[in-house]
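Chain residues, written in single-letter form:
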Amino acid sequence: MSMGNMEKVQMELKRFRRNQTVILLSIIFVNFAVIAGVVGYFSAKEKALCGSIYLDSETMGINAVSHFLNLDISSSNIEAGLSAMQQSGYGSGGFLYASRINGEVYAFAVLTIIMVTLLGVGLYNCYRIGRKALYVQVEEIINDNNDLKVRIDNERKYNEKQYKKMQDFTENIAHQIKTPLSVIAMKLDMLKEWLVEITGESMSVDDVDNISAFKEKCKHYEEMIDICTKNTFKIKAFIKDLLDISRIESGKVILADDEIEIDSMLTESINNCTVDAKNVVTNFNDDRIHIFADEGWLIEAFVNILDNCGSYIKDIDGGRVYVDVIGKNDSCEITVSDNGDGISIENYNNIFSRFETGGGQGDFRFGIGLNLSKLIIEAHNGRIKAGNSEEHGGAEFKVILPIYKLKSKWGKTLS
């Protein structure tokens with residue numbers, strides 16, 4: 001709403017309050033006048049009554065004045081007055097008749113009409129005063145609010161469109177990075193094979209010192225190439241996770257609804273993760289538990305969880321990762337834990353946040369990895385929560401997946 005409209009509304013409200021004050025003061029004045037008139041009327045009536053008695057008998061008039069000054073409005077006096085009226089021949093309604101012939105009833109009716117009329121005028125003015133002008137201003141405010149709502153809706157649509165463009169841009173950038181990294185990884189692998197061939201060739205005895213130095217240098221280069229290759233695959237995996245998250249959030253992923261065996265899926269996850277299989281202790285349920293899910297996506301989710309637990313035990317002698325499966329009536333509970341140092345308090349609430357690592361630069365993938373795992377599990381109508389294991393002392397991830405077919409949160413119905 002513009003400042004001009006606001007000032008007009010404030011002026012209308014001031015005028016409305018001023019007029020309402022005038023009406024209130026008028027009502028108070030009329031009430032005061034009515035009360036004063038009633039009191040004056042009955043005072044004059046008392047004087048006329050005493051004067052009438054005094055004209056008939058001075059003694060009785062003086063006694064009447066004395067009675068008026070010492071009058072006690074009690075039930076006995078009222079009953080005595082009714083008895084006197086009845087003995088005078090006017091009956092129990094004599095006082096009402098007296099009020100009528102004296103005009104008191106009519107005066108009361110007129111005063112009542114005046115008060116009701118005045119009250120009605122006041123209430124009507126509460127509704128009428130400033131209504132037209134104020135209504136116009138309120139209508140302008142409503143129109144301004146409707147215009148603002150339209151602008152906000154347009155902004156929302158624009159932001160959604162920009163967000164879609166940003167997602168496409170992120171995917172394009174990721175693809176642009178992924179392609180040269182694949183070439184680098186391939187060339188490094190070829191160079192490594194070439195060095196292996198050279199170090200394996202036979203040399204003459206005279207060149208034994210040069211050969212030894214050359215082989216030593218080649219081994220050094222081989223180690224460097226291994227490091228480059230390892231980090232290259234880390235970056236590729238990181239970019240893959242970014243692409244997967246982008247595809248999931250944009251609704252481009254369609255889940256399969258295959259019947260899979262939990263034990264086989266977890267075994268495949270263990271074989272594909274970075275944790276040495278001999279350091280993984282499994283406790284699968286004796287019953288073969290089957291669920292309806294997309295095995296490929298679940299394997300990726302549990303690989304990320306296993307890698308995260310593996311990061312907590314990589315520097316610990318005797319470090320272990322534990323995988324336990326419990327079958328329930330309508331769900332399967334999978335617990336992945338370790339005997340490391342556990343999740344710190346500051347990372348407890350952010351463990352599934354994107355780009356939250358909880359470690360050094362070497363662990364940069366685990367933040368989005370756990371975020372991706374959470375998205376995948378929730379897409380299967382499952383739940384995941386993180387904590388610290390009471391049994392093993394390290395980190396613990398508890399995953400609950402439904403056994404029966406349900407409707408996927410992605411693009412396909414699992415029922």
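Source: prediction; values computed, not measured.

A.B. asks: Help me out: how do you make sense of the confidence of the model for the protein chain in this one?
C.D. replies: Detailed reading of the predicted model is not advised wherever pLDDT is low. Of the residues in the protein chain, 80% have a pLDDT of 70 or more, and the chain-wide mean is 77. Scored below 50 in pLDDT, residues 359-365 makes 13 contacts in the model with residues more than four places away or belonging to other chains.

A.B. asks: Where do I start with the nonpolar core in this structure?
C.D. replies: For soluble globular proteins, nonpolar side chains are generally found buried alongside one another. Residues I262, I291, I305 and I334 are the most contacted members of the largest nonpolar core, which totals 51 residues. It is helix α9 (residues 295-313) that provides the largest number of residues to this core, a total of 10 residues.

A.B. asks: Help me understand the packing of helix α8 (residues 262-272) against α9, please; the structure alone is not making it clear to me.
C.D. replies: When two helices pack together, their arrangement is given by the angle between the helix axes and by the axis-to-axis distance. Packing of α8 against α9 brings their axes to within 8 Å, and their N-to-C directions diverge by 50°. As judged from the angle between their axes, α8 and α9 are oblique. At the point where α8 passes α9, the crossing takes the right-handed sense. On α9, the residues that touch M265, L266, E268, S269, I270 and N272 of α8 are E295, L298, I299, F302, V303 and L306. Residue classes in the contact of α8 with α9 are distributed as 8 nonpolar, 2 polar and 2 charged.

A.B. asks: Help me understand α9, please; the structure alone is not making it clear to me.
C.D. replies: Along an α-helix, residues three or four apart share an orientation, since each turn contains 3.6 residues. Across its 19 residues, α9 extends 27 Å between first and last C-alpha, which sits within 8% of the 27 Å expected from 1.5 Å per residue. Among the 19 residues of α9, 16 are classified as buried, and the element is accordingly described as predominantly covered. Among the residues of α9, the N-terminal cap falls to D294, whose side-chain oxygen and the backbone nitrogen of G296 are separated by 3.3 Å.

A.B. asks: Can you help me understand the sheet that holds strand β7 (residues 395-402) in this one?
C.D. replies: Each strand in a sheet pairs with another by means of backbone hydrogen bonds, the pair being arranged parallel or else antiparallel. Spatial ordering of the open sheet is given by β2-β4-β5-β7-β6, a layout of 5 strands whose pairing is mixed. Lying at the two open borders of the sheet, with one neighbouring strand each, are β2 (280-283) and β6 (383-388). Going from strand to strand, the sheet's axes swing by 15° on average, the running direction of each strand aside. Of the pairings in the sheet, the one linking β2 to strand β4 (residues 321-327) comprises 4 bridges and is parallel in character. Looking at β4, one finds that N283 is bridged to D324. Sitting on the sheet, α8 touches β2, β4 and β5 (331-338), and the angle it makes with β4 is about 165°. Against the sheet, α9 engages β4, β5, β6 and β7, with an angle of about 25° to β5.

A.B. asks: Explain the pattern of salt bridges to me, please; I cannot follow it from the model alone.
C.D. replies: In a structure, side chains of opposite charge can pair up when their charged atoms sit close to one another. Under the counting rule described, the total for this entry stands at 10 salt bridges. Taking the shortest distance from any N to any O, the salt bridge between E378 and K374 comes out at 2.6 Å. Here E378 pairs with K374, and both are found in helix α10 (residues 364-379), just 4 residues apart, close to one helical turn. Under the relative-accessibility criterion, K374 is labelled partly exposed at 25%. If you follow the salt bridges from partner to partner, you end up with D153, R156, K157 and E160 in one network.

A.B. asks: Is there a simple way to explain the pairing of β7 in this structure?
C.D. replies: Along any regular strand, the residues point their side chains to alternate faces of the sheet. Most of β7 sits out of view: 7 of its 8 residues are buried. Alignment of β6 against β7, held across 6 bridges, turns out to be antiparallel. When the sheet's bridge partners are listed, I384 is paired in β7 with V399. Counting the residues in the hairpin turn of β6 and β7 gives 6 residues, including G393, whose phi is positive at 90°.

A.B. asks: What exactly am I supposed to notice about unusual backbone geometry here?
C.D. replies: For residues other than glycine, phi is negative in most cases, and the peptide bonds are mostly trans. Non-glycine residue N381 carries a positive phi angle of around 60°. Along the chain, N381 turns up in the loop between α10 and β6.

A.B. asks: Looking at this model, I keep getting lost on α8. Mind explaining?
C.D. replies: When α8 is considered as a whole, its buried residues turn out to be I262, D263, M265, L266, S269 and I270. Buried residues in α8, looked at end-on, bunch into an arc of 165°, giving them a common side. Residues of α8 that are buried make contact with β1 (258-261), β2, β3 (290-293), α9, β4 and β5.

A.B. asks: For this particular structure, what's the right way to read the environment of F292?
C.D. replies: Mapped onto the elements of the fold, F292 is located in strand β3. Assessed through its relative accessible area of 26%, F292 is described here as partly exposed. Each C-alpha atom, one on F292 and one on I403, is 6.7 Å from the other, the two residues being 111 residues apart in sequence.

A.B. asks: Please explain a nonpolar patch on the surface as it appears in this structure.
C.D. replies: A cluster of nonpolar residues, L49, F68, L71, I73, I78 and L82, forms a patch on the protein surface that exposes about 570 Å² of accessible area. Mapped onto the elements of the fold, L71 is located in the loop between α2 (58-69) and α3 (75-87).

A.B. asks: Please clarify how the state of the cysteines should be interpreted in this entry.
C.D. replies: Two cysteines form a disulfide when their sulfur atoms are joined by a covalent bond. Evaluated as defined, the whole model comprises 0 disulfides. No disulfide involves C273; its sulfur sits 9.7 Å from the nearest other cysteine sulfur, which is in C309. For C273, a relative accessible area of 9% puts it in the buried group. According to the relative accessible area criterion, C309 is buried, its value standing at 0%.

Definitions and cut-offs
- Residues numbered from 1 in each chain as written.
- Predicted model: local features only at pLDDT ≥ 70, side-chain atom pairs only at ≥ 80, totals over all residues.
- Heavy atoms only, no water.
- pLDDT = per-residue confidence, 0-100.
- Contact = heavy atoms within 4.5 Å.
- Core = buried A, V, L, I, M, F, W, Y, C linked by side-chain atoms within 4.5 Å.
- Buried < 20%, exposed > 50% of the residue type's maximum accessible area, 1.4 Å probe, protein only.
- Helix = DSSP H or I, 4+ residues; strand = E, 2+ residues; numbered from the N terminus.
- Axes fitted to C-alpha atoms, helices over the stretch in contact; angles between N-to-C directions.
- Parallel < 35°, antiparallel > 145°, perpendicular 65-115°, else oblique.
- Left-handed = near helix turned anticlockwise from the far one by under 90°.
- Nonpolar A, V, L, I, M, F, W, Y, C, P; charged D, E, K, R; others polar.
- Expected span 1.5 Å × (residues − 1).
- Polar contact = N/O pair within 3.5 Å; in protein donor to acceptor, adjacent residues only side chain to side chain.
- Pairing = 2+ DSSP bridges.
- Salt bridge = Lys/Arg side-chain N within 4 Å of Asp/Glu carboxyl O.
- Arc of directions from axis to C-beta.
- Patch = residues over 30% accessible without salt bridge, like charges linked within 9 Å, V, L, I, M, F, W, Y side chains within 5 Å.
- Areas by Shrake-Rupley, 256 points an atom, 1.4 Å probe, with all protein chains shown as cover.
- Disulfide = S-S within 2.5 Å.

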